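Spelled out from the first residue to the last, the chains are:
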Amino acid sequence: MEKQTNREGIKGWLNPTRYGIERFAYWLMRLTGLGLLAYFVAHIIETSTIVDGKDAWDKMLELTQTTEGHIILALVIGMSVFHTVNGIRVMLGQGGIGVGKPGRPDYPYNKPASLNNKHKLCIYASIGLAALAMLYGLQVMFGV
Amino acid sequence: MRESVVMKIHYGTALGAVALVAIHILFRMTQNFADSLEFESVIANYEFLPYALLLEVILVLISIHGFNGLRVILLELRQGRTYEKAVTYGCIAAMAAVIIYGSRTILIAGMGIV
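Calculation criteria
- Residues numbered from 1 in each chain as written.
- Chains lettered and ligands numbered in written order.
- Predicted model: local features only at pLDDT ≥ 70, side-chain atom pairs only at ≥ 80, totals over all residues.
- Helix = DSSP H or I, 4+ residues; strand = E, 2+ residues; numbered from the N terminus.
- Rg over C-alpha atoms; globule rule 2.2 N^0.38 Å.
- Contact = placed C-beta atoms within 7 Å.
- Core = buried A, V, L, I, M, F, W, Y, C linked by C-beta atoms within 7 Å.
- Buried ≥ 20, exposed ≤ 12 C-beta atoms within 10 Å, placed from the backbone.
- Axes fitted to C-alpha atoms, helices over the stretch in contact; angles between N-to-C directions.
- Parallel < 35°, antiparallel > 145°, perpendicular 65-115°, else oblique.
- Left-handed = near helix turned anticlockwise from the far one by under 90°.
- Nonpolar A, V, L, I, M, F, W, Y, C, P; charged D, E, K, R; others polar.
- Expected span 1.5 Å × (residues − 1).

1. With respect to the overall build of chain B
(1) Moving on: From N to C terminus, chain B includes five helices and zero strands.
(2) Moving on: Listed by position from the N terminus, the elements making up chain B come as α-α-α-α-α.
(3) Moving on: Here the C-alpha atoms of chain B give a radius of gyration of 17 Å, more than 25% beyond the 13 Å that 2.2 N^0.38 yields for 114 residues.
(4) Moving on: Over its C-alpha atoms, taken along the principal directions, chain B stretches across nearly 50 × 25 × 20 Å.
(5) Moving on: Relative to all contacts within chain B whose residues are 6 or more apart in sequence, the contacts with residues 24 or more apart total 76%.

Take a look at the structure:
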């Protein structure tokens, strides 16, 4: 059997244009997941400076309590909200909630019931909520 | 372990982490954000046993969820017996390292050895 090559590789995985908003949510879920994991590990390292005493802690705070630090934290807030809300949508979908009844694919092969407006709406809502949470986070951090 | 069981753990840890991280964030909002990050305030948080336990549980839940998520992403990109084993054991090792390192901070700060 001829070996099939993965022609597009990671570029194919990252291309959000071909399959609509569901595909966009798929890669955004993974991208936010990786971002949050990176932040989580950095947060563990960052908070560990407390065991070195007050001076080390204050020095670390000086690094993070900057405009850039606040913007990164706002991005983390946005990523967390999107990842959470979209994750709940995925869990409900895998549990059969909101995906419609399965049916035989007959001609003229309309869209499958799973690709319905309920889930699309949830994706848009998760993006909107993430944006709102980011704005709220920026407001708290910058004290505007 | 069956992949279906792993996914149930993945979803369970996600739901648990969401609830507990919400409490963790609310703790930061009980006072001014900058004040809550003062050395004395953070140490007081660590010395409060229920909060220290909450941090430990969050650490374990997010480590399991995060590194299993990374494993899933890496397995979607490429497959193969050796590769899959390397990814699985690599993620377990990284998860254990993060849990041990984070627990060390919680333990030292919580016992007041700072």
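2. Section: the nonpolar core
(1) Moving on: Formed by 34 residues in total, the largest nonpolar core has its most connected members in F40, I77, V81 and F82 of chain A together with I62 and M95 of chain B.
(2) Moving on: For this core, the secondary structure elements donating two or more residues are α2 (20-47), α4 (67-94) and α5 (117-142) of chain A together with α1 (3-28), α4 (49-77) and α5 (81-110) of chain B.
(3) Moving on: Beyond its immediate stretch of four places on either side in the chain, V81 of chain A contacts L129, A130 and A133 of chain A.

3. Quick look at the packing of α4 of chain B against α5 of chain B
Residues and elements named next belong to chain B.
(1) Moving on: Remark: α4 packs on α5, axes separated minimally by 9 Å, with the N-to-C direction vectors making an angle of 165°. Relative to α5, the element α4 lies roughly antiparallel. Where α4 crosses over α5, the two elements pack in a sense that is right-handed.
(2) Moving on: Its residues placed into classes, the contact of α4 with α5 shows 16 nonpolar, six polar and three charged.

4. What about α4 of chain A?
(1) Moving on: Between its terminal C-alpha atoms α4 of chain A stretches 40 Å, which fits the 40 Å expected from 28 residues at 1.5 Å a residue.
(2) Moving on: Downstream of α4 of chain A by a residue or two, G96 of chain A has a phi angle that is positive, lying close to 90°.

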